[in-house]
Protein chains: 4
Amino acid sequence: MKKIQFADQKQEFNKRPSKIGRRSLSRSISQSSTDSYSSAASYTDSSDDETSPRDKQQKNSKGNGDFCIKNIKQADFGRREIEIAEQEMPALMALRKRAQGEKPLAGAKIVGCTHITAQTAVLMETLSALGAQCRWAACNIYSTQNEVAAALAEGGEAHVFAWKGESEDDFWWCIDRCVNVEGWQPNMILDDGGDLTHWIYKKYPSMFKKIKGIVEESVTGVHRLYQLSKAGKLCVPAMNVNDSLVVFNNMQCCKVNTPASTLLKRTTDVMFGGKQVVVCGYGEVGKGCCAALKAMGSIVYVTEIDPICALQACMDGFRLVKLTEVIRQVDIVITCTGNKNVVVRENLDRMKNGCIVCNMGHSNTEIDVSSLRTPELTWERVRSQVDHVIWPDGKRIVLLAEGRLLNLSCSTVPTFVLSITATTQALALIELYNAPEGRYKQDVYLLPKKMDEYVASLHLPTFDAHLTELSDEQAKYLGLNKNGPFKPNYYR
Amino acid sequence: MKKIQFADQKQEFNKRPSKIGRRSLSRSISQSSTDSYSSAASYTDSSDDETSPRDKQQKNSKGNGDFCIKNIKQADFGRREIEIAEQEMPALMALRKRAQGEKPLAGAKIVGCTHITAQTAVLMETLSALGAQCRWAACNIYSTQNEVAAALAEGGEAHVFAWKGESEDDFWWCIDRCVNVEGWQPNMILDDGGDLTHWIYKKYPSMFKKIKGIVEESVTGVHRLYQLSKAGKLCVPAMNVNDSLVVFNNMQCCKVNTPASTLLKRTTDVMFGGKQVVVCGYGEVGKGCCAALKAMGSIVYVTEIDPICALQACMDGFRLVKLTEVIRQVDIVITCTGNKNVVVRENLDRMKNGCIVCNMGHSNTEIDVSSLRTPELTWERVRSQVDHVIWPDGKRIVLLAEGRLLNLSCSTVPTFVLSITATTQALALIELYNAPEGRYKQDVYLLPKKMDEYVASLHLPTFDAHLTELSDEQAKYLGLNKNGPFKPNYYR
Amino acid sequence: MKKIQFADQKQEFNKRPSKIGRRSLSRSISQSSTDSYSSAASYTDSSDDETSPRDKQQKNSKGNGDFCIKNIKQADFGRREIEIAEQEMPALMALRKRAQGEKPLAGAKIVGCTHITAQTAVLMETLSALGAQCRWAACNIYSTQNEVAAALAEGGEAHVFAWKGESEDDFWWCIDRCVNVEGWQPNMILDDGGDLTHWIYKKYPSMFKKIKGIVEESVTGVHRLYQLSKAGKLCVPAMNVNDSLVVFNNMQCCKVNTPASTLLKRTTDVMFGGKQVVVCGYGEVGKGCCAALKAMGSIVYVTEIDPICALQACMDGFRLVKLTEVIRQVDIVITCTGNKNVVVRENLDRMKNGCIVCNMGHSNTEIDVSSLRTPELTWERVRSQVDHVIWPDGKRIVLLAEGRLLNLSCSTVPTFVLSITATTQALALIELYNAPEGRYKQDVYLLPKKMDEYVASLHLPTFDAHLTELSDEQAKYLGLNKNGPFKPNYYR
Amino acid sequence: MKKIQFADQKQEFNKRPSKIGRRSLSRSISQSSTDSYSSAASYTDSSDDETSPRDKQQKNSKGNGDFCIKNIKQADFGRREIEIAEQEMPALMALRKRAQGEKPLAGAKIVGCTHITAQTAVLMETLSALGAQCRWAACNIYSTQNEVAAALAEGGEAHVFAWKGESEDDFWWCIDRCVNVEGWQPNMILDDGGDLTHWIYKKYPSMFKKIKGIVEESVTGVHRLYQLSKAGKLCVPAMNVNDSLVVFNNMQCCKVNTPASTLLKRTTDVMFGGKQVVVCGYGEVGKGCCAALKAMGSIVYVTEIDPICALQACMDGFRLVKLTEVIRQVDIVITCTGNKNVVVRENLDRMKNGCIVCNMGHSNTEIDVSSLRTPELTWERVRSQVDHVIWPDGKRIVLLAEGRLLNLSCSTVPTFVLSITATTQALALIELYNAPEGRYKQDVYLLPKKMDEYVASLHLPTFDAHLTELSDEQAKYLGLNKNGPFKPNYYR
């Protein structure tokens, strides 16, 4: 392996809206004894073992050691979690069964960077079953389920480099270990957030010669791909999974409930009924937040800059205000703007005692947290990801996650929704890997509508749902093929 | 005026999904003494005056007779309705005030074909105030508010040719009277449904030489324009108002509640709680229907042909079935598919006694009503637009509107929502009329996002809403102009 | 018939919270050409016939003239309405069938005072079928469906004295005609509002010697009965139908949606989304109002005097304010307090232009309407039951129903809900009429829980509902009889 | 201390619906490494310290050792939790302040048995501040927050005997340690579930001579008190806090959301949208469950034995079925009946693979779990309180909490709701302790409405709520005192 200095990535990182917090943060977090991240599903005992996984020599029961995880001994616990997830991911299991004979990914060498959870484990093992070789890193320093990583390492089919609580340096080291291997070169990328793609662009640009395509899931990663494409720098075809119709729709239905329940999880003893809340921004996330809060009985105010979204907020029954109008009276402030410095020190100074402040937007700078790092204010960590910031007069502000984006991706999304995403990712990999020369250019694509419909149809048996078939006469009347696609590609 | 035979339009009409019912229907309806269409707002006494407006000679108080309406004496009642509507249409009034000095429509000769209601009257008088000359026909044979038409005729600024209960022949005659005038030729078209545009294409194609553009509101009309454009036959620029973001969003919010409340109005004594309902089709209208019915406590089943929409229905909590699975048990059947023969005689034969059947889709052929016109079945009209079809064994099916599309457009949409549409129409007319040569080709356009945002901002004062302004720093961060547009044109 | 002067009732009436408006009002209403009361279901043509029913001599086809209604010729229309209602009142039809053999009301002479609608007609004809003789008056001067009254008169089994648009004098005259008959004396009373009971107390107190009991439906009437009972003046047993569990529950479910939809009906073009509304009072009606308004997207404020209800409002997510805090900003003011002078002139002076004011409470004095009858204010009737009150500066307040209680009882309650009430009334009459001497004292009773459960079970087939039966073991465990009653009498 | 054999309680315990599981259960639970009970708020590290608290000698920093808890060293963590709770319990803090001068509980010796959480700690310390001496045990073997118990022991004002994971023997030992003290005898009881009261009845009946009253919170405990009263065995006055209006209302609002979110917490990766669920029983809990599930998009079926509740379910839009009709198709089965053997082995045999079964009712016997303890079925614990029961053919049923009642009381109820209960408990203690001789007999009482209203008013400032005051004229009109009580005592 080539020697690379990872620390020099730090500065660059600070410029990008990324999923990692600052180094100092990760340290303070790891000191906290109870991270609610782990939720009910984690069997990880993190307290007694302080050795870094990078310094451990572990082998699985077959003697293979080409992985780096917390503790291979947790494999059994992880396998059970994967089995539970399999039950809620029938489409992937069906895909595994249907496509297994033909091994449509035979010869595929996939390098991946996603959350390492039971659900993605089902995806990875499906890709293996379809013929692919896989190497995998985590796209988030906190979200890895260590026992699942152990099960994958034990299974031996996916080479996993990930653990919960990586440092920033660890993060890039893991990605590098996936990519930078003697005698093995990836020909497909599955990315979530664009960090893996970014790393290859920076360090191993020549690898793209052999890469057949990128499948990207996140809004951020897709945005970067479009920018690369616009700049003429995208050198392989990419598939935008995030905007696949079926993924989009189903994420929508879940966004509505997620933000509030996340908040609830963090601060379990708050009652939302009657609480006054201001939500900054009425885009997709803001709309979801507001609807969930209203359903729980909160009194919700909205701020917006765009008159169209503002009018929607009004007609949906939310008072449209400037932040300063309500800042003294609200109990909770939530930012969902994608903008920066939406909540500044001046606003924070005026909030009332006990006000909760958090960020559910796209950037980590929506709340100007740096302005709170001044000598007269005292910080007190009361729970994992919950700080009290205390003013000289005793007023306390409750700041969640130090103003960073409350991570929504892995904690509260039901397995079934993840199943739709994962199935789409698998089909996108198959499509790009098997596409005849020239079908896809160096551009960003959506999955063909017909495959979208196939993903959907794979999930219908779960609901014992019975699809109606068009008669010949009806198909003719509508100008459609009886087997679809039923919607034009531009349909939303 | 040139002599034209209107009756020959009948056959052609039958081929198109149109807003007019069959001739026989309109006769049976007009015999009915209470048409719930009139709702609370109509002061029209239709019972005593059987003379056709075409046979009357009426003049307004200024001696002008270039109109054709039911009864000019109702003008005062209509004026009051218009004044009430003005209170809920502040944006149009603001537009009237702001743009009045410059008369941006000076010289415009607008021919229009829309519902003739208090709300469109406010639009017409705004267009006049901005400098335009207007001639207007109704886009629906039932929806004209006669007293409003009278007020417009009395005001003298809009030449109106419309009354409630037109025959099909009347319908085309009125349109022709708007267009076919000695010494006056339209240079702008405002259409709702495409019938006016269609008529000019058929009868006076040369008129398009002077026409600067078409503004079209309805889904159907927009669809036709796109077809014309695709076929290379669109000879002037057209503006698609229906898909303007602000119009789209606000119509959405209202679609959700409209279908059910329309049903409710027709059959006031039905309780929806606990009723089993099957909704055929889970597109926009179907989604709205299902949500409203669920909120009212109905047990809702859905049929779909498209697996993506089917999956949405499942995740939204509706059982996806084939129609035959539930047809024996349901209390209400609603079609919203855009397809034909979705409910056929075989289905109708199996329904239980008292089952209500209605169509909220896009076509009049979703329910195969013709199959019910057989000797062994008895039809009994019990209320306006409500028939009992009686089987030999005494079973009754309650058929609404003879299976035609329940008209949603004018009866239940709040004035404020219409205000958004009307303001967008006015701005679209101004834009097309004043656009420099070459900005718009012979194609179908959406209103520029910036004007969309302007329409929205004109409606914010109603809600006492306070928009937040971007700081310079934030605008730079987001790469936006502080005054908008805030969203890219493709944003939905 | 004894001669009685009815006009002297007027003064007394003014003291009571009653369902009749002032005489002057009824006149102004009857001048209005479109009363939205009639809704879709009325075939009555009221315009051409100005003769008072009291001055007409009508006979039905059997030569019987012992009734007083608008027009016997409308009987066929009314019969159709009754037949439609029968379809939604299966329990009453089942009762008719089951109990017909034994005629449990043979010998009963029932005098009734309720709304005269298709639904009560089904009740009356059921009572006849069970053996009773009936004489009936209307409990509300506006709510009679003339064609239904005609059908009842034609059927000949119920002697009806009622028409739409009675004067106050007519109202008492009709009641008297029911009671004051040569050679016929009632032995049962079915009342809705207590006016009939009141009349007999006043004029014919000796009649109570033969009366076996009173069945009363309304809150107001029940309240009066409890007062009589408390004062030791109740001289026969009375059954409180309003608080029967099954009636109560089902009315609840409908109260939630009724107020707003009533408002909607009155003022069809108002959009509730984003409107600011203050609801005075958070009792049952207030809660229903607030929930419905919130669901429609309104921003709702609440005023309360009782800290318990106030806390509920807070926890349900409504801001608790004093009226003066929000009076300048709200779009709609709704009173539901049961108190008087809740909205006074000072409040009205401060409302903004276009503010809608209405009363959904229990008394007609919640809004101090008399304070608006001053010379500087102009009243303008814009629709039936909708007035604009205009301030010297042009400000308009929209006052509904002149501040009287918006009548909820007959216009918007689904037939099925009325079926539950009517079935309960029928069972209550049977119970009181057949009860062995001594079971009921001179007190107010609730229907025995077991009969309540019977009413419910009669309605289950409509929903194809399958009740679970207790096993012997389970019944023993719970200490219940397998056939009920399942709940103690005090259960709510 | 007198020597008492605790094990002999076991048999008796089995007869009662209690909050403790069987002994074997508690063992299996304690073996589970992650008990989701602890939720986010527990700092307890239970893994390393296996010594029973009963065998430890601990003293607080003042040298006092009259308590028995897990670990006195956790006191600081617990104090912080208490401080956080204080912020959400303003009414209790206000009460502490207002009543502190007069010490209304001076001389009170309170023995309590409740959940030991941060919220009850605020109550205990309030009682101390008001003058009382307190000794406290836990009412549930799992629910104690060890660090809070430590903080209370350290504070020294409440003598606490409780830890998380008590055995059944520990449970009664702790209660005994509270009561059975040399030179100290309680004169007030605060109970939650009736176990403390029961113990004193059994072991120290003579203590009741000095006891002034019992304040009881739980449904179960209140039920027992009413039974004692009925049997003439209640020897002191008791206050039923559970049915206090303000407590009742507020618990209601929270019951609606609790069951589903509890389920969600247990099995985080289940999506409820589109899942078919059967809820057995449509009482208070069942209604809440159904509403929450419907809101989350589940398809809900209901079973009922009582036609009244059945009809409500129908009108609320749920299909009423017998369990056997749907048992093969449902994804989730929830019991809320209060009955026994509602789900039996035959039903379990027919459920489909993956079906989730749980009990939210009042008894632990609703699901016949004992029938699943047969050799051919394999039990597999997959998470804390989640078992897979595996049939020979591989079918798995997911059984929650071994069919015992999912404990709702402490995990998901917001602090604010608990504040209302705690304030009511404090006022009830003050009322009973200070009541003049003879005001309360040996019976079960509700808190006077006026004190109920006082509890409510203490909570209004949290919402910045402004109560309206009656004018003299209005108070007279309503026949009320301006300061309340505003509702009659029977008002619900």
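It should be emphasised that the depicted structure is a prediction, and the values quoted were computed from it without experimental measurement.

(A) Representation of the overall build of chain A. A count of helical and extended segments in chain A gives 18 helices and 15 strands. Out of the 492 residues in chain A, the part that is buried amounts to 61%. Long-range pairs, those at least 24 residues apart, make up 71% of the contacts in chain A between residues at least 6 apart in sequence.

(B) Expanded view of the environment of Y282 of chain A. All names here are of chain A. When you line up the elements, Y282 lands in the loop between β7 (276-280) and α12 (284-295). By relative accessible area, which is 2% here, Y282 ends up buried. A sequence separation of 229 residues divides Y282 from P53, and the C-alpha atoms of the two residues are 43 Å apart. Excluding its chain neighbours within four sequence positions, the residues that come into contact with Y282 are K287, C290, V302, T303, E304, C309, Q312, A313, D316 and F318. Reaching out from Y282, the side chain makes a polar contact with the side chain of D316 at a distance of 2.6 Å.

(C) Up close: the pairing of strand β14 (residues 396-400) of chain B. Residue and element names in this part refer to chain B. Buried residues dominate β14, accounting for four of its five residues. Relative to β14, strand β11 (residues 356-359) runs parallel, the two being bridged by two bridges. Paired with I356 across the two strands is V398, which belongs to β14. The sheet contact formed by strand β13 (residues 386-390) and β14 spans five bridges and is antiparallel. For D387, the partnering residue across the bridge sits in β14 and is L399.

(D) Representation of the relation of the copies chain A and chain B. With an axial shift of 0.0 Å and an RMSD of 0.1 Å, the rotation relating chain A to chain B amounts to 180°. Both copies are brought into coincidence by an operation consistent with a two-fold rotation axis. By residue overlap, the copies meet face to face through one surface: 100% of the interface positions of chain A are interface positions in chain B.

(E) Summary view of the domain arrangement of chain A. The domains assigned to chain A are domain 1 (54-248 + 413-454) and domain 2 (259-410). Taking only C-alpha atoms into account, the centre of domain 1 of chain A sits 34 Å from that of domain 2 of chain A.

(F) Expanded view of the packing of helix α3 (residues 75-87) of chain A against helix α5 (residues 118-129) of chain A. Residue and element names in this part refer to chain A. Two numbers describe how α3 lies on α5: the axes approach to 8 Å, and their chain directions differ by 80°. Looking at the two axes, α3 sits roughly perpendicular to α5. Taking contact as the criterion, the partners of R79, E81, I82, A85 and E86 in α3 are, on α5, A118, Q119, A121, V122 and E125. Taken together, the residues that form the contact of α3 with α5 break down as five nonpolar, one polar and four charged.

(G) Just the sheet that holds strand β12 (residues 378-383) of chain D, in detail. Residues and elements named next belong to chain D. With respect to topology, eight strands assemble into an open sheet ordered β9-β8-β7-β10-β11-β14-β13-β12, the strand pairing being mixed. Edge positions in the open sheet fall to β9 (319-320) and β12, since each of these has one partner strand only. Against the sheet, helix α12 (residues 284-295) touches β7 (276-280), β8 (299-303) and β10 (332-335), its axis set at about 170° to β7.

(H) Molecular detail of the sheet that holds strand β1 (residues 109-114) of chain D. Residue and element names in this part refer to chain D. Read from one edge of the open sheet, seven strands run β3-β2-β1-β4-β5-β6-β15, paired in parallel fashion. Edge positions in the sheet fall to β3 (158-161) and β15 (444-445), since each of these pairs with one other strand and no more. Along the sheet, helix α7 (residues 168-179) makes contact with β1, β2 (133-138) and β3, crossing β2 at roughly 170°. Each of β5 (213-216), β6 (238-240) and β15 touches helix α9 (residues 219-230); the most contacted strand, β5, lies at about 140° to it.

Cut-offs applied
- Every chain is numbered on its own, with residues counted from 1 as its sequence reads.
- The lettering of chains begins at A and the numbering of ligands begins at 1, in the order of writing.
- Given that the model is predicted, a residue must reach a pLDDT of at least 70 before its local features are reported, and side-chain atom pairs must reach 80 or more before they are shown or counted; all residues, however, enter totals for whole chains, interfaces and linings.
- Side-chain measures were taken over the full set of non-hydrogen atoms in the model, leaving aside hydrogen atoms and water.
- Note on conventions: DSSP H or I runs of at least 4 residues are helices, E runs of at least 2 residues are strands, and numbering of each starts at the N terminus.
- Working definition: with a 1.4 Å probe on protein chains only, accessible area under 20% of the residue-type maximum means buried, over 50% means exposed, and in between means partly exposed.
- Should any heavy atoms of two residues lie within 4.5 Å, those residues are counted as being in contact.
- Polar contact is the term for a pair of N or O atoms within 3.5 Å; when the atoms are in protein, one must be able to donate a hydrogen and the other to accept it, and sequence-neighboring residues count only if both atoms are side-chain atoms.
- Two strands pair if DSSP finds at least two bridges between them.
- A residue counts toward the fit only if its pLDDT is at least 70 in both copies, and the copies are then superposed by least squares on the C-alpha atoms of those residues.
- Segmentation into domains, and thus their bounds, comes from an automatic or database assignment.
- Note on geometry: axes are lines fitted to C-alpha atoms, helical ones only across the stretch in contact, with angles between N-to-C directions running from 0 to 180 degrees.
- Note that the term roughly parallel is reserved for angles under 35 degrees, roughly antiparallel for angles over 145, roughly perpendicular for angles of 65 to 115, and oblique for everything else.
- Any residue outside Ala, Val, Leu, Ile, Met, Phe, Trp, Tyr, Cys, Pro, Asp, Glu, Lys and Arg is labelled polar, Gly included; the first ten of those are nonpolar and the last four are charged.

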